[in-house]
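Structure at a glance
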Amino acid sequence: MLKYLSKAGDNVDILTVDSKTPKDELPKQSFGYDIEHTQGFVFPLYDHISLTFDLPEMKGAKMMERKRPDLIHVTSPGFMLFAGLFYARVMRIPLLLSYHTHLPLYGRNYMGYIPGVEEFAWALIRFAHTRADLTLVTSPQMKEEMEANGIPRVDVWRKGIDTVRFDPKFKCDEMRSKMTDGNPDDFLMVYVGRLGAEKRLKDIRPVLEKLGSKARLCIVGGGPQTEELKEYFKDTNTVFTGQLSGDELSSAFASADTFMMPSDSGE
């Protein structure tokens, strides 16, 4: 997105949070745009992500006072959402929320031992999204579920594909050999994403076993379930590459025969 905004000549202010990277290693610029970092913290139950309330510095508020934007767009859920709600209300700026991670399923998978956790998650969603001028979700099914749970003004924002980054030209014999553990002629399935319980990656094993010895699975990514999944897929034709980025990630997609996404959270 930044690349195309830069090509169009748009002015952009970037505010983000990264509580795990040392301060002197944080990126200062991307595509010619300066990057500011606000204080945050790591979520204890999912320590691969950093969260923030944009306190105490309120850098987001200072940015918006300078720019006076026509619209505030915040991804949900996330703790920055509460800052966005506050800024939109105080500055009287229209608020657009895009919903990307199904919070009730995370509650069930990570805190299911707490009675009523899914109902509590829906209460949080209603609190935030009823205050938005528009909520965008990624599928008609999620739109129906949001509306059934009392969320008004919901529409579908269909996902697109970066055809520069994800292109068949990145297909690579060396990557395919790595992903198949040296068996490039076998049928290759790939999963790319976070390795967490909400992705239901264990559901792939029966498919892999039913396809027989000439089928292979490659799991790309990292997350809290990594070690558990390595043990679960032990003695199967499965390769874990860890997290990939750039051309390596493009090559992983292009070199497989099919992409697997068993998650029922629509991500």
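See the structure printed just above.
Residues numbered from 1 in each chain as written. Predicted model: local features only at pLDDT ≥ 70, side-chain atom pairs only at ≥ 80, totals over all residues. Heavy atoms only, no water.

Turning our attention to the overall build of the protein. Secondary structure summary: the protein contains ten helices and 13 strands in total. Here the protein holds 267 residues, and 38% of them are scored as buried. Considering only intrachain contacts with a sequence separation of at least 6, the fraction spanning at least 24 residues in the protein is 59%. Here the protein contributes 34 positively and 38 negatively charged side chains, and the mean placements of these two sets differ by 3 Å. (Helix = DSSP H or I, 4+ residues; strand = E, 2+ residues; numbered from the N terminus. Buried < 20%, exposed > 50% of the residue type's maximum accessible area, 1.4 Å probe, protein only. Contact = heavy atoms within 4.5 Å. Lys, Arg positive; Asp, Glu negative; His and termini not counted. Charge placed at Lys NZ, Arg CZ, Asp CG, Glu CD.)

Taken together, four strands build an open sheet; the order of strands is S12-S11-S10-S13 and the sheet is parallel. The two strands at the open ends of the sheet, each matched to only one other strand, are strand S12 (238–242) and strand S13 (258–259). Most of the contacts of helix H10 (residues 246–255) go to strand S10 (residues 187–192), to which it runs at about 140 degrees, and overall it touches S10, strand S11 (215–220) and S13. (Pairing = 2+ DSSP bridges. Axes fitted to C-alpha atoms, helices over the stretch in contact; angles between N-to-C directions.)

Its location among the elements puts Thr236 in the loop between helix H9 (226–232) and S12. Judged by its relative accessible area of 16%, Thr236 is buried. With residues near it in sequence (within four places) discarded, Thr236 still touches Arg205, Leu208 and Glu209. In this structure the side chain of Thr236 is engaged in a polar contact, spanning 2.5 Å, whose partner is the backbone oxygen of Phe233. Here the side chain of Thr236 touches Thr238 through a polar contact of 2.7 Å, side chain to side chain. (Polar contact = N/O pair within 3.5 Å; in protein donor to acceptor, adjacent residues only side chain to side chain.)

Under the defined criterion, the tally for this structure stands at ten salt bridges. Among the salt bridges present, the one from Arg176 reaches Asp257, with a minimum N-O distance of 2.9 Å. Here Arg176, found in helix H7 (residues 173–179), pairs with Asp257, found in the loop between H10 and S13; they are 81 residues apart in sequence, far enough to count as distant. Take Asp257: its relative accessible area is 43%, and that puts it in the partly exposed class. Glu198 is paired through a salt bridge with Arg194; the nearest N and O atoms lie 3.7 Å apart. Ionic contacts of the salt-bridge type, sharing partners, join the residues Asp13, Glu36 and Arg66 into one network. (Salt bridge = Lys/Arg side-chain N within 4 Å of Asp/Glu carboxyl O.)

Once that is clear, we can look at the side chain of Thr38. Within the element layout of this structure, Thr38 appears in the loop between strand S3 (33–37) and strand S4 (41–42). Reaching out from Thr38, the side chain makes a polar contact with the side chain of Asp54 at a distance of 2.8 Å. Beyond its immediate sequence surroundings of up to four residues, Thr38 is in contact with Leu15, Thr16, Val17, Thr52, Asp54, Glu57 and Lys59.

Another aspect to go through is the side chain of Arg176. Exposure remark for Arg176: the relative accessible area of 11% places this residue in the buried category. Within the structure, Arg176 has its side chain in polar contact with the backbone oxygen of Pro184 (distance 2.6 Å). Leaving out residues up to four positions away in the same chain, Arg176 has contacts with Pro184, Asp186, Leu188, Ser255, Ala256 and Asp257.

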